[in-house]
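Reading the structure
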Amino acid sequence: MDWKVFIAEFIGTAILILLGDGVVANVVLNKTKGNGGGWIVITAGWGMAVFVAVFCVRAASGAHLNPAVTIAIAASHRGIGWSQVPMYIAGQMLGAFVGACTVYLFYKDHFKVTEDANLKLAVFSTGPAIRNLGTAFFCEVIGTFLLVLPIFLMSDPNISFTLSSASAQSGKLGLGALGALPVGLLVFAIGMSLGGTTGYAINPARDLGPRIAHALLPIPGKRDSDWSYAWIPVAAPILGGLLAAVAAGALKP
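This one's a predicted model, so the numbers in the text were calculated from it and none came from an experiment.

Parameters at a glance
- Residues numbered from 1 in each chain as written.
- Predicted model: local features only at pLDDT ≥ 70, side-chain atom pairs only at ≥ 80, totals over all residues.
- Heavy atoms only, no water.
- Helix = DSSP H or I, 4+ residues; strand = E, 2+ residues; numbered from the N terminus.
- Contact = heavy atoms within 4.5 Å.
- Axes fitted to C-alpha atoms, helices over the stretch in contact; angles between N-to-C directions.
- Parallel < 35°, antiparallel > 145°, perpendicular 65-115°, else oblique.
- Left-handed = near helix turned anticlockwise from the far one by under 90°.
- Nonpolar A, V, L, I, M, F, W, Y, C, P; charged D, E, K, R; others polar.
- Expected span 1.5 Å × (residues − 1).
- Buried < 20%, exposed > 50% of the residue type's maximum accessible area, 1.4 Å probe, protein only.

Within the secondary structure, Asp 207 sits in helix H10 (residues 204–216). When residues no more than four places from it in sequence are discounted, the contact partners of Asp 207 are Phe 124, Ser 125, Thr 126, Ala 201 and Pro 233.

What follows is the structure, given as structure tokens:
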């Protein structure tokens, strides 16, 4: 096992969730400085969370930070083989879980004074605004497609300014320093334009890891973790990523 890659994906995804779930907590939990900040604050926070996380670990692992991205890369034969996928996903899932637990510890006092159990769950995981599972699945597929396809195009080794030298030498498909900012802006755009239906998970680790944390943590007054919905932000992003891999292959010169 390439422990450097595992550790990088763990650290990067933990940073992603700490900042991403952290901005949700700051906006929705009672008596925070950011309470009531609104959707724009949340989407901007998530975009910056992606930028920071990708920037920190891009050279070590390519900064996938998302099982849908990892699976799409493996399926496209662009940088990693299937034998490496479990290592990437294990790091991502564990990092997401630890990041979510850290958010709980950070905002522990504010969870205590928040009565709405749905808002407490919203800190950790996504859910549909209108509960139509077919529509939610479609929205997550499209959202992830519009995440992974641009990442593939920005990470094309033919575009030299978006590929870090370390990634180029190791053969990993990854984003360079400049590439981290466009991906953050991309996530911001997806959230602003397409996040209103499901909360735009577009990342199985981002949703499942924190959802497990919500189920296990001693959060006062919490509700169930909505496991009947939990399969959608796992399965739909994987499908969306695979479709993006096919589209990227068709667009490749």
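Read on for the rest.
Moving on: the packing of helix H7 (residues 133–154) against helix H11 (residues 232–251). Put simply, H7 and H11 touch, their axes get as near as 7 Å, and they point 40° apart. As the angle between them shows, H7 and H11 are arranged oblique. With respect to the hand of their crossing, H7 and H11 are arranged in right-handed fashion. Looking at side-chain class alone, the contact of H7 with H11 contains 20 nonpolar, three polar and one charged residues.

Now for H11. Along an α-helix, residues three or four positions apart point the same way, because every turn accommodates 3.6 residues. Here H11 spans 28 Å end to end across 20 residues, near enough to the 28 Å set by a 1.5 Å rise per residue. Three or more residues of H11 are buried, namely Ile 232, Pro 233, Ala 236, Pro 237, Gly 240, Gly 241, Ala 244, Ala 245 and Ala 248. Against helix H3 (67–76), H7 and H10 lie the buried residues of H11.

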